[in-house]
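Reading the structure
Residues per chain, in single letters:
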Amino acid sequence: LTNEDKYNLEQKLQGHSNLVWNIIEIRENELISVSYDKTMKKWEIKNDNKYECTKTITFQNSNSNCNILKLNENEFVTSSFGDKCLKFWNSNDYTNISTINNIEVEWTFRTLCMIDKDLLCVGGNNSKGFYLIKISTHQIIKNILGPQIIYSIYECFDGLFLCSIKNENGNCSLVKYKYDNQDLKKIIEKEKVHNGNIYACVELNDGTVASGGSDNLIKLWRN
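The rules we used
Residues numbered from 1 in each chain as written. Predicted model: local features only at pLDDT ≥ 70, side-chain atom pairs only at ≥ 80, totals over all residues. Heavy atoms only, no water. Helix = DSSP H or I, 4+ residues; strand = E, 2+ residues; numbered from the N terminus. Rg over C-alpha atoms; globule rule 2.2 N^0.38 Å. Buried < 20%, exposed > 50% of the residue type's maximum accessible area, 1.4 Å probe, protein only. Contact = heavy atoms within 4.5 Å. Areas by Shrake-Rupley, 256 points an atom, 1.4 Å probe, with all protein chains shown as cover. Lys, Arg positive; Asp, Glu negative; His and termini not counted. Charge placed at Lys NZ, Arg CZ, Asp CG, Glu CD. Polar contact = N/O pair within 3.5 Å; in protein donor to acceptor, adjacent residues only side chain to side chain. Pairing = 2+ DSSP bridges. Axes fitted to C-alpha atoms, helices over the stretch in contact; angles between N-to-C directions.

1. Remarks on the overall build of the protein chain
Per the secondary structure count, the protein chain includes zero helices and 19 strands. Computed over the C-alpha atoms, the radius of gyration of the protein chain is 18 Å, within 12% of the 17 Å expected from 2.2 N^0.38 for a compact globule of 223 residues. Along the first, second and third principal axes, the C-alpha atoms of the protein chain reach 50 × 50 × 30 Å. When the 223 residues of the protein chain are sorted by exposure, 45% land in the buried category. A separation threshold of at least 6 residues defines the contact pool for the protein chain, and within that pool the share at least 24 residues apart is 34%. Accessible area of the protein chain: about 12,100 Å², with a carbon and sulfur share of 43%. Separation between the mean location of the 26 positive side-chain charges and that of the 28 negative ones in the protein chain comes to 4 Å.

Listed below in structure tokens is the structure:
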């Protein structure tokens, strides 16, 4: 990077008392952050064109609110691994619309992914596999038993999903699934990708897969 290309610090948003898990832009000039301090905060552009915290929601029964995903213009969902639940929120007034309990989302990595406009895929852990949830009704329509631990889910192209998992034998793999008729079918699996757990995975525009693991490495793969 040249000096002209470098990022310059414009503002520090202070308010969380512990590490921040995730940040999303819910709409223009409005952010949501979730933290290990058991809170979700809404940030808006206010005076002097600076972000200010305009709302804090505290999660009383959760170790942490770990992930957040925008579903549509009026709704978003959060996952909590402390109390094993998904919460659906109205993005206009930040009220909790509904809650699904007993969801095994115990890890802080990306385990929420939309399959289409009305179907949410949640990666569970401890041999719970995948949960398929109908967004319009906030109901689980299917529980697909699968890997012991799902660290990350990434939506690829043409109904394909890339996951980093640990199976019942303790082996870590990159797996690509295809969604078909309320089921996820395994089409590619690559074992022993990293010396340890695979915490991140993404498919690049050219089809290359990038993975990041507990061995401090990022690896690039091509099928």
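Having seen the structure, we can now continue with the description.
2. Description of the side chain of Lys-166
Secondary-structure assignment places Lys-166 in strand β14 (residues 160-166). A distance of 3.1 Å separates polar atoms of two side chains, one belonging to Lys-166 and the other to Asn-197. Aside from chain neighbours lying at most four places away, what touches Lys-166 is Pro-147, Gln-148, Ile-149, Tyr-151, Asn-171, Cys-172 and Asn-197.

3. A short note on the sheet that holds strand β18 (residues 209-213)
Across the sheet, three strands lie side by side as β17-β18-β19; this open sheet has antiparallel pairing. The sheet is open, and its two edges are formed by β17 (198-203) and β19 (218-221), each paired on a single side. Direction aside, the axes of adjacent strands within the sheet are offset by 20° on average. Of the pairings in the sheet, the one linking β17 to β18 comprises five bridges and is antiparallel in character. Bridge pairing in β18 places Ala-200 opposite Gly-212.

4. Structural notes on the environment of Leu-174
Among the secondary structure elements, Leu-174 is positioned in strand β15 (residues 172-179). Judged by its relative accessible area of 6%, Leu-174 falls in the buried class. For the pair Leu-174 and Glu-189, spaced 15 residues apart in sequence, the C-alpha separation works out to 5.7 Å.

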